[in-house]
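Listed below are the residues making up each chain.
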Amino acid sequence: MSKEEILQALREVRHPAKADRDIVDLGMVHDIEISGSEVVVTLGFPKRRDPLNEYLVGSTRATLIRHLPDSVKSEVKTIVIEDDKPKKKVPELGLEQLAEVRHIVGIASGKGGVGKSTVAVNLACALARMGYRVGLADADVYGPSVPVMTGTEGAVPAAEPGAEEGQELILPLEKYGVKWMSIGYFAARGQALIWRGPMACNALKQMILQVKWGPLDFLLIDMPPGTGDIHISLVQDIPMEGAVIVTTPQAVALADVEKGADLFRNENVNRPIFGLIENMAWFTPEAHPDEKYYLFGRDGGAQMARELGIDLLGRIPLVQGIRESGDAGEPAALGSRPDGLAFLELAGKLAEKLG
């Protein structure tokens, strides 16, 4: 590819906090070097720290990998550009935007593939359906699925000036009575976010602390699966009240529940676990709603909850409609089928537990 073609490809990388302008228009692409089968792109950033710098570097790296042939090695470098303009103090990210949020609850899982994001999205819709003011932050930065599940894919949140000079606040998208925020709104469709731990943590903090949430009864945080850097950063930097853990009944998933529970019970974290949610508890054919087939084992979640000394908050059946509703961007919790009613019952138990 020529320099011009690479430059055109880099226009896909947009700065979320600068009216969604791309890095080429913003003058951030300082240099492009092509040497044989190697391409080096140098991005220039001002000396003052912008929390989104790591996001832009990761997005640039992903764009190069996507557009360049497999035989071409790519690298992204950064340099500091002296800003001739008068230097302004960049406001630090604080907890001001969470001041009117009553309950912050993490939706966690010990492993992937248990339907954690599906439960998080439907739980948010069920709480909103019950009259609560609800927001959901998609903290699963490596696999953000909230845009697809809510039918908001392709939307780009707006921004507005904050109270402090130089501060910009991101406005969450609103649909189904819920305020949504996801890193998926700032990445191109199919774009892999190639980030190291610190980069992901910084982007995640921005997705929560720089968002104008307003008054909320519940802010749900859809956490990535497992126990890693992002989880530690979340509980250290976000005043999370506690968490619920999502699992499926089979033994391989339940084994990881213990690790997830141990994270929140660790003395350095010390957050309560409000309960366990058993997803895909049984399969019910839509044409025969009274029939139950325990495809992944029976009562595994209930037994694990007893062993861990926590409540079993709810059991969600495996119904084809949940998958279809998620793919269509219309969460099952909005309807009156058995799956939707199960999410409403779950929401009621969580709300009651938190008072």
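Look up a bit, the structure's there.
Residue indices begin from 1 for each chain and proceed along its sequence in written order. Local features are withheld for residues below a pLDDT of 70 in this predicted model, meaning they are given only at 70 or higher, and side-chain atom pairs are given and counted only at 80 or more; totals for whole chains, interfaces and linings count all residues. The side-chain quantities take in all heavy atoms of the structure and omit both hydrogens and water.

Student: A description of the nonpolar core should follow, citing residues and the corresponding values.
Tutor: Each nonpolar core is a collection of buried residues, namely Ala, Val, Leu, Ile, Met, Phe, Trp, Tyr and Cys, held together in the definition by side-chain atoms within 4.5 Å. We call a residue buried when its accessible area falls under 20% of the maximum for its residue type, exposed when it is over 50%, and partly exposed in between, using a 1.4 Å probe and counting protein chains only. One finds Ile208, Trp213 and Leu234 to be the most contacted residues of the largest nonpolar core, which totals 99 residues. Under the DSSP-based scheme used, a helix requires at least four consecutive residues in state H or I and a strand at least two consecutive residues in state E, with every element numbered from the N terminus. In terms of residue count, the dominant contributor to this core is helix H3 (residues 116-129) (nine residues). Residue contacts are defined here by distance: any two heavy atoms, one from each residue, within 4.5 Å place the two residues in contact. Excluding its chain neighbours within four sequence positions, the residues that come into contact with Trp213 are Gln97, Leu98, Val101, Gly135, Leu136, Ala137, Pro172, Lys179, Met181, Met207, Ile208 and Leu219.

Student: Residue-level account of helix H2 (residues 53-67), with values.
Tutor: To estimate the expected span of a helix, count its residues, drop one, and scale the result by 1.5 Å. For H2, with 15 residues, the first-to-last C-alpha span of 21 Å sits near the 21 Å given by 1.5 Å per residue. Asn53, Tyr55, Leu56, Val57, Gly58, Ser59, Thr60, Ala62, Thr63 and Leu64 are the residues of H2 that are buried.

Student: Tell me about the pattern of salt bridges, and name the residues and values.
Tutor: By definition, a salt bridge exists where a carboxyl oxygen of Asp or Glu is found within 4 Å of a side-chain nitrogen of Lys or Arg. Applying the stated criterion across every chain yields a total of 13 salt bridges. Across the salt bridge formed by Glu278 and Arg315, the nearest N and O atoms sit 2.9 Å from each other. Of this pair, Glu278 sits in strand S12 (residues 273-283) while Arg315 sits in strand S13 (residues 312-318), and the two are 37 residues apart along the sequence. A residue is classified by how much of its surface remains accessible, and Glu278, at 0% relative accessible area, is buried.

Student: Requested: an account of the packing of H3 against helix H10 (residues 338-353), with residues and values cited.
Tutor: Put simply, H3 and H10 touch, their axes get as near as 8 Å, and they point 75 degrees apart. Here H3 is positioned roughly perpendicular relative to H10, judged by the angle of their axes. Taking contact as the criterion, the partners of Val119, Asn122, Leu123, Ala126, Leu127 and Arg129 in H3 are, on H10, Phe343, Leu344, Leu346, Ala347, Leu350 and Ala351. In this classification, Asp, Glu, Lys and Arg are treated as charged, Ala, Val, Leu, Ile, Met, Phe, Trp, Tyr, Cys and Pro as nonpolar, and every other residue, Gly included, as polar. Across the contact of H3 with H10, the residue classes tally to 10 nonpolar, one polar and one charged. Convention adopted: a line fitted to C-alpha atoms gives each axis, helices being fitted over their contacting stretch, and angles between N-to-C directions are expressed from 0 to 180 degrees. Angular relationships are summarised with four words: roughly parallel below 35 degrees, roughly antiparallel beyond 145, roughly perpendicular across 65 to 115, and oblique for the angles in between.

Student: Mind laying out the sheet that holds strand S10 (residues 216-222), listing which residues take part and the relevant values?
Tutor: Within the open sheet, the eight strands sit side by side as S8-S9-S5-S10-S4-S11-S12-S13. Their pairing is mixed. Of all strands in the sheet, those bounded by a partner on one side alone are strand S8 (173-175) and S13. Each strand axis lies, on average, 25 degrees off the axis of its neighbour in the sheet, ignoring direction. Across five bridges, strand S5 (residues 134-138) lies against strand S9 (residues 178-182) in parallel orientation. The residue bridging Gly135 from the neighbouring strand is Lys179, located in S9. Across the face of the sheet, H3 comes into contact with strand S4 (101-108), S5, S9, S10, strand S11 (242-247) and S12 while running at roughly 170 degrees to S10. Those strands touched by helix H8 (residues 300-308) are S12 and S13, and its axis lies near 160 degrees from that of S12. Two strands pair if DSSP finds at least two bridges between them.

Student: So what's going on with H10? Which residues, and what values?
Tutor: Between its first and last C-alpha atoms H10 spans 23 Å; for 16 residues at 1.5 Å apiece the expected length is 22 Å, and the two agree. Taken as a whole, H10 has its buried residues at Asp339, Gly340, Ala342, Phe343, Leu344, Leu346, Ala347, Leu350 and Ala351. Phi turns positive, to about 75 degrees, at Gly355, one or two residues after H10.

Student: Which residues make up the packing of aromatic side chains, and what values do they have?
Tutor: The criterion for an aromatic pair is that two Phe, Tyr or Trp rings (for Trp, the six-membered ring) have centres within 6.5 Å, with stacked assigned to planes under 30 degrees apart, edge-to-face to planes over 60 apart and tilted to the rest. What the rule picks out here adds up to three aromatic pairs. For the pair Trp282 and Tyr294, a centre-to-centre distance of 6.2 Å together with 65 degrees between the ring planes defines the contact as edge-to-face. One end of the pair, Trp282, is in strand S12; the other, Tyr294, is in the loop between S12 and H8, with 12 residues separating them in the sequence. Judged by relative accessible area, which is 12%, Trp282 ranks as buried. When its relative accessible area of 26% is taken as the criterion, Tyr294 is described as partly exposed. Here, over-ring charges are defined by two tests on the NZ atom of lysine or the CZ atom of arginine: distance to the ring centre within 6 Å, and angle to the ring normal within 35 degrees. Over the face of the ring belonging to Trp282 we find Lys292, whose NZ or CZ atom lies 4.1 Å from the ring centre.

Student: Pulling in residues and values, what's your account of the sheet that holds strand S2 (residues 38-46)?
Tutor: Ordered in space as S1-S2-S3, the three strands form an open sheet in which the pairing is mixed. One side of each edge strand has no neighbouring strand; the edge strands of this open sheet are strand S1 (29-35) and strand S3 (73-81). Here the average twist between neighbouring strands, direction ignored, is 15 degrees.

Student: Which residues make up the environment of Glu258, and what are the values?
Tutor: Relative to the helices and strands, Glu258 is located in helix H7 (residues 251-265). Exposure remark for Glu258: the relative accessible area of 43% places this residue in the partly exposed category. Between the alpha carbons of Glu258 and Gly110 there is a distance of 7.6 Å; along the sequence they are 148 residues apart. In contact with Glu258, not counting residues within four places along its chain, are Met304 and Leu308.

Student: Break down unusual backbone geometry for me, with residues and values.
Tutor: What you tend to see is this: most non-glycine residues have negative phi, and most peptide bonds are trans. A positive phi angle, near 50 degrees, is found at Asn270, a position not held by glycine. If you trace the backbone, Asn270 turns up in the loop between H7 and S12.

Student: Report on the environment of Asp222, specifying residues and quantitative values.
Tutor: Relative to the elements of secondary structure, Asp222 occurs in strand S10. For the pair formed by Asp222 and Val146, sequence separation is 76 residues and the distance between their alpha carbons is 9.0 Å. Those residues in contact with Asp222, other than ones at most four positions away along the chain, are Ile107, Lys116, Ser117, Ala120, Leu136, Ala137, Asp138, Ala139, Asp140 and Val146. Contacts described as polar in this section are N or O atom pairs within 3.5 Å, which, within protein, must combine one atom able to donate a hydrogen with one able to accept it, while residues neighboring in sequence count only if both atoms come from side chains. A distance of 2.7 Å separates a polar atom in the side chain of Asp222 from a polar atom in the side chain of Lys116.

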